[in-house]
Amino acid sequence: MSYESITTSANTEALYTAFFEALSSKSYLMRADAPRYTILAVTNSHLELTGLQKEDMIGRGVFDVFPPNTSDPSDTGGKDFLASLQYVLSYKKPHYLPAQRYDITDSDGRFVEKYWRAESKPVLSPDSGEVLYIIHTTEDITDQVKAAEMKEQIKGMEEAAALKRLYETITNNTPDLIYVFDLNYRFTYANNALLTMWGKTWEDAIDKGLRENGYEEWHAAMHEREIDHVVATKEPVRGEVSFPHAVLGKRVYDYILVPVLNSKGEVEAVAGTTRDITEHKLAELSILESNERFRNLADDSPMFVFIIDVGELAPVSFWNKTWLRYTGQSNEEAMGRAWDGIIHPDDVPVVMSHYTPAFQNRQPYFIPWVRVKRYDGEYRWHAFKGNPRHLPNGQFNGFVGVGFDVHEQKLAEEALKQSEAKARAAVDIARLGTFEINVLKQSILHSPRLAEILGLDPSKQWPYQTVINAVHPDDMAIRLKALERAKETGVLFYEARILQPDQIVRWVRLNGRYLYQESQPMIVGTLMDITQEKKTAEELEHKVMARTMELQAANEELKRSNQNLEEFAHAASHDLKEPVRKIHFFTNQLKNQLSSLLNAEQEKAFSRIENATERMGNLIDDLLLYSHVSHRPIEMEMVDLNTKVQRVLEDLELDIREKKALINVERLPVVKGYRRQLQQLFQNLISNALKYSKSDVPPRIEISATKVMKNEKPYYQITVKDNGIGFQPEYADKIFQMFTRLHGKGEYSGTGVGLSIAKKVVDNHNGLIRAESTVGEGSAFLVYLPEE
Ligand code: ADP
């Protein structure tokens, strides 16, 4: 309908009625005879809509045809309709009723969702402008409503999509793990961080339970219990857990599970977030560790170490073990202000007089003298130092400090004070001259003793120039140099000669301080006559020099005579060898010629001579050997000890077989050395091991080698060990001396030279040799040869 209102008169009523009925809109026409509103005409479309017959409506009041539903107060349809009609009457304007849902049944008897809008329009009198009729039209707006609804829905969907994107951007870019469980403990959501941690894709992980996603049994069971708890209580659950990450290894996590409530307030799901707090934990740990380190350090310190909490009364919250040991307090006993009973009562106010202002101004403090009671009741003087502590945010957090024993200093200082008076006396006793020079005025005040040292009349005060001129002209430079230095260091010190008026030369020592008195440069000091001292020192020096020279000469002499001796021994042994051989030869011949004539006694004498010459021959051989090894060949070479020992064993083969000796040689090193000497060394050690064996036990000899460090240098340690008769350990050093024999020549033949040779050889190789033994159990000889 496009008309706004129709102007008419009573006589055209019939025409209108006919016309009206043909209209396609769903309308009816009423007379404006409130409150009845008689229906005059109705369109066929409207009749179709309501299913009423024309007769049911025409001529009847509108509220008779459509009575308001008075049984349901919430149904305001009737009231709204009446108000609409009254509005049209009063304002002479159309009135639109709001859209209403009113479902109708379709031809199959099913309800169809329908929305309606109605309007009431006035028909005015052209003369009076009064409302004559009201046309009420109903319009089906279901399609519009549906379209609008659809639009809303689409809009809502777009908003939801945008929100979803937003959420996903957030949840997938945080390092925190975000996830949602349904009530069957299955994951319905997991963000990227969590998927990465599992090393899984969304498809692999979603709608799976905890175990399927790789949680260990204990861990899965724990979370399931927590989910149950959240569902039951609707309260969040928070916890900390440690487990391995796919990439980062073992980590510590902090997590919180919260209920997701539906519109009815029931728990529909459980959402969780988990945060990796490993770094945080490590930081916590490192703080703990650094605390621990502090404690260890403090406990190891010889000083007292303490921590004072924030407080006017200096409450201590930490004392190190040094304090606890010193005071005898237990840790608990020492806390707080317990130090009050340990510090000497007279010194507590001293402590507070330093502490209080330092505490108020958050400044360091130093208390030089405090008596601290030891566990045995003795007080000792200590100094204390405190430094303010601050939290990382800069907030003042009390003090950390140390205390240390200054007892001896304090006593010394006291003694010093007492002795200051004595010092004056000492100056006199020491016969020191004293003086005070005003540098600018070039004036001097001196003691009588000073004049005396300079050879001047001690009953007078002498002028500055006279005193200065007393310095020997040759030593004036020494004085000037010392003065220069004194200007920098404040200390004036020199020793110089003076020339007395009678030309006698004496040595003096000047000891002074360069200082400022009321901004005047002054030199204050003492002068000492050191002539005697100098003389004695000089004499001593001469003596030391002479003695050193004597010693040097003696040393040279000794070396020379040693060499001579060795040369002599060598020559002598050489020359002795021949005569001894001759004695042996001729004795033997004589014995053979006389053999039939000799009685038992004479026979015995002959064999004695034989023995003696043999021993003598051996001795000469050994001494010759010794003098040989005393001369070092020029060049060392690489010597394989394995072959050397093998050679020795071959040489000793007869002996070995006879004694049924068992010899075990381990792998030995190749060393740099003198080939023949090293063979001699092992010859002597192994033959001793065979010789000093027990008569009833076959000898067992072990020759082995290892590497060892001696004085931070690498050595080969070669051991020759036997199971023989052994010797008393106190002779372990002595046996290496020439001619030392522990076992009698009756039982064991020998010269006492073999080990001296061994030692000499080892010395030549810059090595060491020592012996270990237990009587009756065997001996071991350890040879150390440098690896290089
Ligand atoms: P000797 O010619 O007497 O064997 P050495 O110098 O070789 O001279 O040895 C000195 C002494 O050290 C020997 O007389 C002996 O008493 C003792 N001695 C040396 N080697 C051994 C050993 N393997 N077991 C027990 N005593 C030993």
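Within any chain, residue numbers begin from 1 and follow the written order of that chain's sequence. Per-residue local features are limited, in this predicted model, to residues with pLDDT of at least 70; the limit for side-chain atom pairs, both in listing and counting, is 80 or more; totals at the level of whole chains, interfaces and linings are taken over all residues. With hydrogens and water excluded, all non-hydrogen atoms of the structure serve as input to the side-chain values.

### With respect to the overall build of the protein
Argument step 1. Secondary structure elements follow DSSP: runs of H or I of four or more residues count as helices, runs of E of two or more count as strands, with numbering from the N terminus. Summing up its helical and strand segments, the protein has 23 helices and 29 strands in all.
Argument step 2. Each residue is placed in one exposure class: buried if its accessible area under a 1.4 Å probe, protein chains only, is under 20% of its type's maximum, exposed if it is over 50%, and partly exposed if it falls in between. With 788 residues in all, the protein has 36% of them scored as buried.
Argument step 3. Total accessible area on the protein is roughly 48000 Å²; 54% of this is exposed by carbon and sulfur atoms.
Argument step 4. When charges are counted, neither His nor the chain ends are considered; positive counts come from Lys and Arg and negative counts from Asp and Glu. To locate a charge, take NZ of a lysine, CZ of an arginine, CG of an aspartate or CD of a glutamate. Charge centroids of the protein, computed over 94 positive and 113 negative side chains, lie 9 Å from each other. Per-residue and other accessible areas were derived by the Shrake-Rupley procedure at a 1.4 Å probe size, with only the shown protein chains allowed to occlude residues.

### Some remarks on the site of the ligand
Argument step 1. By convention in these notes, a residue is near a molecule or strand provided one of its non-hydrogen atoms lies within 4 Å of it. Of all residues adjacent to the ligand, which total 20 residues, the nearest are Tyr-692, Arg-741, His-743, Thr-751 and Leu-755.
Argument step 2. Pairs of N or O atoms within 3.5 Å make up the polar contacts considered here, provided that, within protein, one atom can donate a hydrogen while the other can accept it, and that residues adjacent in sequence are counted only when both atoms are side-chain atoms. Gly-754 is positioned with one of its backbone polar atoms (N or O) 3.3 Å from an oxygen atom of the ligand.
Argument step 3. Relative to its unbound accessible area of 530 Å², the ligand is 98% covered by the protein chains.
Argument step 4. Listing elements by their share of the shell around the ligand, those giving two or more residues are helix 22 (675–691), helix 23 (754–764) and strand 29 (778–786).
Argument step 5. A total of 3 residues in the shell around the ligand trace back to one element, the largest contributor, which is helix 22.
Argument step 6. Each residue gets one label: Ala, Val, Leu, Ile, Met, Phe, Trp, Tyr, Cys and Pro are nonpolar, Asp, Glu, Lys and Arg are charged, and the others, such as Gly, are polar. Its residues placed into classes, the shell around the ligand shows 8 nonpolar, 9 polar and 3 charged.

### What to know about the packing of aromatic side chains
Argument step 1. Ring geometry is summarised as follows: Phe, Tyr and Trp rings, the Trp one being its six-membered ring, pair when their centres sit within 6.5 Å, and such pairs are stacked at plane angles under 30 degrees, edge-to-face over 60 and tilted between the two. Counted according to the given criterion, the structure contains 28 aromatic pairs.
Argument step 2. Their ring planes at 40° and their centres at 6.2 Å tell us that Phe-187 and Tyr-215 sit as a pair that is tilted. Of the two residues, Phe-187 is situated in strand 9 (residues 187–190) and Tyr-215 in the loop between helix 8 (202–205) and helix 9 (217–233); the sequence distance between them amounts to 28 residues. One exposure class covers both Phe-187 and Tyr-215, and it is buried.
Argument step 3. Measuring from centroid to centroid gives 5.6 Å for Phe-396 and Phe-399, while their planes differ by 80°, and the two rings are edge-to-face.
Argument step 4. Among the aromatic residues, ring-to-ring pairing joins Phe-304, Phe-306, Trp-319, Trp-323, Tyr-326 and Phe-384 into one connected group.

### Some details on the sheet that holds strand 22 (residues 520–529)
Argument step 1. The strand order across the open sheet built from 5 strands is 19-18-22-21-20, with neighbouring strands paired in antiparallel fashion. Either end of the sheet is taken by a strand with one partner, and the two such strands are strand 19 (443–446) and strand 20 (491–499). Mean inter-strand twist for the sheet, computed between neighbouring axes without regard to direction, equals 25°.
Argument step 2. Bridge analysis of strand 18 (residues 433–438) against strand 19 gives 4 bridges, and the strand direction is antiparallel. Paired with Glu-436 across the bridge in strand 19 is Leu-445.
Argument step 3. We call two residues in contact when some of their heavy atoms are within 4.5 Å. Every angle, taken between N-to-C directions, lies between 0 and 180 degrees, and every axis is a line fitted to C-alpha atoms, over only the stretch in contact when it is a helix. Contacting strand 20, strand 21 (505–517) and strand 22, helix 17 (residues 476–489) runs over the sheet at an angle of about 165° to strand 20. Two strands qualify as a pair provided that DSSP identifies no fewer than 2 bridges between them.

### A word on the sheet that holds strand 27 (residues 713–721)
Argument step 1. If you trace the 5 strands from one edge of the open sheet to the other, you get 24-26-27-29-28, paired in mixed fashion. Every other strand in the sheet has two partners, leaving strand 24 (662–665) and strand 28 (768–774) as the edge strands with one partner each. Between one strand axis and the next, the sheet turns through 20° on average, direction left out of account.
Argument step 2. Two elements, strand 27 and strand 29, share 7 bridges in a ladder whose sense is antiparallel. Across the sheet, residue Ile-718 finds its bridge partner in strand 29, namely Val-783.
Argument step 3. Packing of helix 23 onto the sheet brings it into contact with strand 28 and strand 29, and relative to strand 28 it is tilted by some 140°.

### Let's talk about the pattern of salt bridges
Argument step 1. By definition here, a salt bridge exists when the distance from a side-chain nitrogen of Lys or Arg to a carboxyl oxygen of Asp or Glu is within 4 Å. Per the stated rule, a full pass over the model turns up 35 salt bridges.
Argument step 2. Within this structure, Arg-374, Asp-376, Glu-378, Arg-380, Asp-405 and Glu-408 form a network of salt bridges that share partners.

### What about helix 10 (residues 278–300)?
Argument step 1. Given a helix with a known number of residues, its expected span is that number minus one, times 1.5 Å. Compared with an ideal rise of 1.5 Å per residue, which puts 23 residues at 33 Å, helix 10 spans 32 Å between its outermost C-alpha atoms and is within 8% of the ideal.
Argument step 2. Listed as buried for helix 10 are Thr-278, Ala-298 and Asp-299.

### Structural notes on the packing of helix 22 against helix 23
Argument step 1. Running from N to C, helix 22 and helix 23 point in directions that differ by 145°, and their axes come no closer than 9 Å. Note on packing geometry: the crossing formed by helix 22 with helix 23 is left-handed. Here Gln-677, Leu-678, Gln-680, Leu-681, Asn-684, Leu-685 and Asn-688 of helix 22 lie close against helix 23, whose contacting residues are Gly-754, Leu-755, Ile-757, Ala-758, Val-761, Val-762 and Asn-764. Throughout, a crossing is termed right-handed when the near helix is turned clockwise from the far one, and left-handed when it is turned anticlockwise from it by less than a right angle.

### What about the pairing of strand 9?
Argument step 1. Inspection of the sheet shows strand 8 (residues 177–181) paired to strand 9 by 3 bridges, in the antiparallel sense. Directly across from Phe-181, in strand 9, lies its bridge partner Phe-187.
Argument step 2. Between the end of strand 8 and the start of strand 9, which pair antiparallel, lie 5 residues, with Tyr-185 showing a positive phi angle near 65°.

### Focus: a nonpolar patch on the surface
Argument step 1. Like charges are joined within 9 Å and nonpolar side chains (Val, Leu, Ile, Met, Phe, Trp, Tyr) within 5 Å, but only among residues with over 30% relative accessible area and no salt bridge; these make up the patches. Together, Leu-163, Leu-166, Tyr-167 and Ile-170 line one region of the surface with nonpolar side chains, adding up to about 410 Å² of accessible area.
Argument step 2. Tracing the chain through its elements places Ile-170 in helix 6 (residues 142–173).

### What about the side chain of Ser-301?
Argument step 1. Assignment of secondary structure puts Ser-301 in the loop between helix 10 and strand 13 (304–308).
Argument step 2. In contact with Ser-301, not counting residues within four places along its chain, are Asn-320 and Thr-322.

### Concerning the nonpolar core
Looking at soluble globular proteins, one finds that nonpolar side chains tend to be buried together.
Argument step 1. The criterion is simple. A nonpolar core is a set of buried Ala, Val, Leu, Ile, Met, Phe, Trp, Tyr and Cys residues joined through side-chain atoms within 4.5 Å. Grouped together as the largest cluster of nonpolar side chains are 40 residues, with contacts concentrated most on Leu-641, Leu-681, Phe-682 and Ile-686.
Argument step 2. Breaking this core down by element, the ones donating at least two residues are helix 19 (600–630), helix 20 (641–651), helix 22, strand 26 (700–710), strand 27, helix 23, strand 28 and strand 29.
Argument step 3. The element contributing the most residues to this core is helix 22, with 7 residues.
Argument step 4. Ignoring sequence-local partners within four residues, the contact set of Leu-641 consists of Leu-668, Pro-669, Val-671, Leu-678, Phe-682, Ile-718 and Leu-785.

### Side note on the confidence of the model for the protein
Interpretation of this model should avoid reading the predicted coordinates in detail wherever pLDDT is low.
Argument step 1. Values of pLDDT, which run from 0 to 100, indicate the predictor's confidence residue by residue. Considering every residue of the protein, the mean pLDDT works out to 86; 93% of them sit at 70 or more.
Argument step 2. Here residues 1–6 is modelled with pLDDT under 50, and outside its nearest four sequence neighbours on either side it reaches 15 contacts, counting other chains as well.

### Comments concerning helix 9
Argument step 1. Given a rise of 1.5 Å per residue, 17 residues ought to cover 24 Å, and the 24 Å separating the end C-alpha atoms of helix 9 matches this to within 8%.
Argument step 2. Within helix 9, burial applies to His-219, Ala-220, Met-222, His-223, Glu-224, Glu-226, Ile-227 and Val-230.
Argument step 3. Among the residues trailing helix 9, Lys-234 stands out with phi positive, at a value near 60°.

### Thoughts on unusual backbone geometry
Argument step 1. Here the amide bond leading from Ala-34 into Pro-35 is cis, since omega sits at 5°, within 30 degrees of zero.
Argument step 2. The residue Gln-442 is not glycine, and still its phi comes out positive at about 50°.
Argument step 3. Checked against the element boundaries, Gln-442 lands in the loop between strand 18 and strand 19.
Argument step 4. Its identity as a non-glycine residue notwithstanding, Asn-711 has a phi of 50°, on the positive side.
Argument step 5. Summarising the element assignment, Asn-711 is placed in the loop between strand 26 and strand 27.
Argument step 6. What makes Asn-711 exposed here is its relative accessible area of 71%.

### Regarding a negative patch on the surface
Argument step 1. There is a patch of like negative charges on the surface, built from Glu-149, Glu-152, Glu-158 and Glu-159.
Argument step 2. With respect to the helices, strands and loops of the structure, Glu-149 is situated in helix 6.

### A look at the environment of Ala-477
Argument step 1. Of note, Ala-477 is situated in helix 17.
Argument step 2. Given a relative accessible area of 54%, Ala-477 falls into the exposed group.
Argument step 3. Placed 398 residues apart in sequence, Ala-477 and Lys-79 show a C-alpha to C-alpha distance of 133 Å.

### With respect to the packing of helix 19 against helix 23
Argument step 1. Following both chains from N to C, one finds helix 19 and helix 23 inclined at 10°, their axes separated by 9 Å at the closest point. Of the possible angle classes, the one that applies to helix 19 and helix 23 is roughly parallel. Touching Asp-622, Leu-625, Tyr-626, Val-629 and Ser-630 of helix 19 are Ser-756, Ile-757, Lys-760, Val-761 and Asn-764, all from helix 23.
Argument step 2. Here the contact of helix 19 with helix 23 is built from residues that sort into 5 nonpolar, 3 polar and 2 charged. For this classification, under 35 degrees means roughly parallel, over 145 means roughly antiparallel, 65 to 115 means roughly perpendicular, and everything else is oblique.

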